[in-house]
Amino acid sequence: MAASTPSNLFSAASLKTQSLRLSLPRRFFAVPRRAHTSPSFVVLAVGAKPTILVTEKLGQAGVELLKEFANVDCSYNLTQEELCTKISLCDALVVRSGTKVGKEVFESSGGRLKVVGRAGVGIDNVDLSAATEHGCLVVNAPTANTVAAAEHAIALVTALARNIAQADASLKAGKWLRTKYVGVSLVGKTVSIMGFGKVGTEVARRAKGLGMHVISHDPYAPAERARAIGAELVSFDEAISRADFISLHMPLTAATSKIFNDEAFAKMKKGVRIVNVARGGVIDEEALVRALDSGIVAQAALDVFTEEPPAKDSKLVLHENVTVTPHLGASTIEAQEGVAIEIAEAVVGALKGELAATAVNAPMVPAEVLAELAPFVELSEKLGRLAVQLVAGGSGVKSVKVTYASARGPDDLDTRLLRAMITKGLIEPISSVFVNLVNADFTAKQRGLRIAEERIVLDGSPENPLEYIQVQIANVESKFASAISEAGEITVEGRVKDGIPHLTKVGTFEVDVSLEGSIILCRQVDQPGMIGTVGSILGEENVNVSFMSVGRIAPRKHAVMAIGVDDEPSKEALKKIGDIPAIEEFVYLNL
C-alpha cells in the first residue's frame, strides 16, 4: 500500500546538479543526540576526499589547512580555457583578484563545484548570479586584511601630502628640489571616506588620530557607528565637494562603476587629493587624467586599476602627479597569512556542511542566531521532506504556507535560514536537483513554487526562538488522507524537544515522534494490541523502532500511529502492516 515517491510534482524541468547524501549508521536505541551547530548544505560522497583548486598564490598556512582536509591542486596562471577544463574535477576553487570566475566556469564544473573562496574582500571577479544559479556557495575573507588595507590608504594619504614618491624619484635622479616638493599638512584637513565598511571605518579612526576632520558617504552605514568614531555621514555630492582628501573604499557594482567621472570631478574642490585602495573600476581613468591636467585633482594615489596590470604606456600611471602601487593593499606578511587562514577555514567549513559566516550569496545570519536556530534548521528541512512525500503523484505543488509560532516579536525572529531549509526539504526528495542555502529561493522560483510565511505571536517567555513550525501544502491530493487538515491542506507540524526535532501533528491528529530516522504513519481503528502487532512485524524484520506515538480522536475511534524506525522496512513487512484489518491506510516516509 505504500506508494512510491512521485517524480514530477513540480512542473519545471529538473536541474542537472546531483548530490550524494552521506549515509551514517543509525543508533540501535533512540537516544537524544546533540543538535547540529550549523546547517548542512554541501554533502560529499562517503569516503570521498574533496579536491580544491588554488589558482593564485596563497599563504602557506592556508594551503596546509586545505591539505589536511582535501587534495589540493595549486595551479597558477591558468588560462580561462585551462580553468574550465580543470574545474570539472574540483569540489572547491580558491582565487584572489586575478582569476575571473564567470558563468562558463560554473557551467564547465558540471555541478561538482560547491564552493568558491575569494581570498580577500572584493568578489567582483566572481559571477555571483551564476554561482547562485548553479548552487555554488561563494565565501570571502573580509576581516584578515582590513587593517593592512586601511594602513595602506593612510600611507598613500601621507605620501601625497608630502610628495614622498616624487621627491624620492627626483633625489635618485641627482636633483635636490626642496622648494618644488613643499607639501601640505593633514591637521585640520577634511578627508571624505567613500564607503564606510570595515576598511573605511579603520581609515576613519586613523585619520582622526592624525587630526583630520572625517566625513563619509555610505548609503548603508549605520549612523551610530559613524558617530561613535566621530565621523559625519553626508550625501555623495557633499562628500566630494567638501573634501581636501578623498579615500575610496566602496565595492565595484553596477551602481559604482565609473562613479568618479567628469561630472563628479567637476563638483570637487580645486586641488583635492584622491586615494584609491578599493577597486579600479569605480574611477573613470580617462576622466581622472583630465582632472589632473586641469588642476581640479592636485594628486592621486592608486593601488588598483580598471585593468590589472595597467598598460605600460598608461597616461594615468605615468602622470607626474600620480603615485602608484601594484595592488598592495593587503600585502603585509601578517595580512597574507591571515587571509590564507581565513579563506581556508571558510572553504573547508563549507565542504564539511557548515554555513560560513563569510558567505556572500547565502542567507546571512549572525553566528549567535545561527547557533540558536540550529535545531530548528534540521526540523525545517525534515518537515519539508515529510510534507512533500505525503503528496499524491500528479498533484503539482505550487503553494506552500509556513507558520512560525513564537513568543518573540516579528523583528526578533530571522526565518530566512528556516525558509531555505524547508525549500530544500520540499524539492530534494522528488527531483535530481541538489538544493542548498545558496540556490533554494532560485530553485523554488524556477519551479513555480511559492512559499508564504506567517508568524503567530504567542504569550509566554521569548527564551526559545520558536514554539513550533507548521508546513501546509494547498490544492493537492494526499497519499495519506489523514494528513489533510480541516482546511483541506496537507499539514505537518513539529517542535524541538531537548535539541531533537519531533513531529507533533499530522493533519488534525496530535502525535509525538522523533525525526531521527524515518517514519511510518498508520491510520487505524483504535483498539487494544495495535502497537504490539505492528511492533512485532517490524521486529521480525529486524527493523528497530526508535519512537512510537498514537494520536486519536477519542477512545475506540480513529487514531493515527506514528512510528519512528531506524531502518527501511522491506516491501513484505510494509505489506504485512497494510494487511492488518484495523489499519485503514498507511505510508512510509523516508527522511
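Relevant structure appears above.
Residues numbered from 1 in each chain as written. Predicted model: local features only at pLDDT ≥ 70, side-chain atom pairs only at ≥ 80, totals over all residues. Heavy atoms only, no water.

Caption draft 1: Structural detail: the sheet that holds strand β3 (residues 92-95). If you trace the 5 strands from one edge of the open sheet to the other, you get β2-β1-β3-β4-β5, paired in parallel fashion. Looking along the sheet, the strands with just one partner apiece sit at the ends: β2 (71-74) and β5 (137-140). Direction aside, the axes of adjacent strands within the sheet are offset by 20° on average. Two elements, strand β1 (residues 51-54) and β3, share 3 bridges in a ladder whose sense is parallel. For I52, the partnering residue across the bridge sits in β3 and is A92. Sitting on the sheet, helix α1 (residues 60-69) is in contact with β1, β2 and β3, with an inclination near 140° to β2. Packing of helix α13 (residues 333-352) onto the sheet brings it into contact with β1, β3, β4 (115-118) and β5, and relative to β4 it is tilted by some 170°. (Pairing = 2+ DSSP bridges. Helix = DSSP H or I, 4+ residues; strand = E, 2+ residues; numbered from the N terminus. Axes fitted to C-alpha atoms, helices over the stretch in contact; angles between N-to-C directions. Contact = heavy atoms within 4.5 Å.)

Caption draft 2: The nonpolar core, seen in detail. L390, I469, I473, L503 and L521 are the most contacted members of the largest nonpolar core, which has 51 residues in total. Element by element, the count of residues in this core is highest for helix α14 (residues 367-389), at 9 residues. The residues contacting L503, other than those within four sequence positions of it, are L383, L386, V492, E493, G494, V511, D512, V513, L515, I519 and L521. Counting 29 residues, the second-largest nonpolar core is a separate cluster that includes I215, F236, V297 and F305. (Core = buried A, V, L, I, M, F, W, Y, C linked by side-chain atoms within 4.5 Å. Buried < 20%, exposed > 50% of the residue type's maximum accessible area, 1.4 Å probe, protein only.)

Caption draft 3: Representation of the packing of aromatic side chains. Considering all chains together, one arrives at 1 aromatic pair under this definition. Summarising the aromatic geometry, the rings of F236 and F260 are spaced 5.7 Å apart at their centres and angled 50° between planes, so their arrangement reads as tilted. Of this pair, F236 sits in helix α9 (residues 236-242) while F260 sits in the loop between β9 (245-248) and α10 (262-266), and the two are 24 residues apart along the sequence. Like F236, the residue F260 is buried in the burial classification. (Phe/Tyr/Trp six-rings, centres within 6.5 Å; stacked < 30°, edge-to-face > 60°.)

Caption draft 4: Representation of the sheet that holds strand β6 (residues 190-194) within the structure. Here we have 7 strands laid out as an open sheet, ordered β8-β7-β6-β9-β10-β11-β12, and parallel in their pairing. Of all the strands in the sheet, just β8 (232-233) and β12 (322-324) have a single pairing partner and so form its edges. Note: strand β11 (residues 297-302) against β12, 3 bridges, orientation parallel. Pairing of A301 across the sheet is with T323, part of β12. Each of β11 and β12 touches helix α11 (residues 285-294); the most contacted strand, β11, lies at about 140° to it.

Caption draft 5: Molecular detail of α1. When we look at burial in α1, the residues that qualify are G62, V63 and L66. Across the axial projection of α1, the buried residues extend over an arc of 100°, all falling on one side. (Arc of directions from axis to C-beta.)

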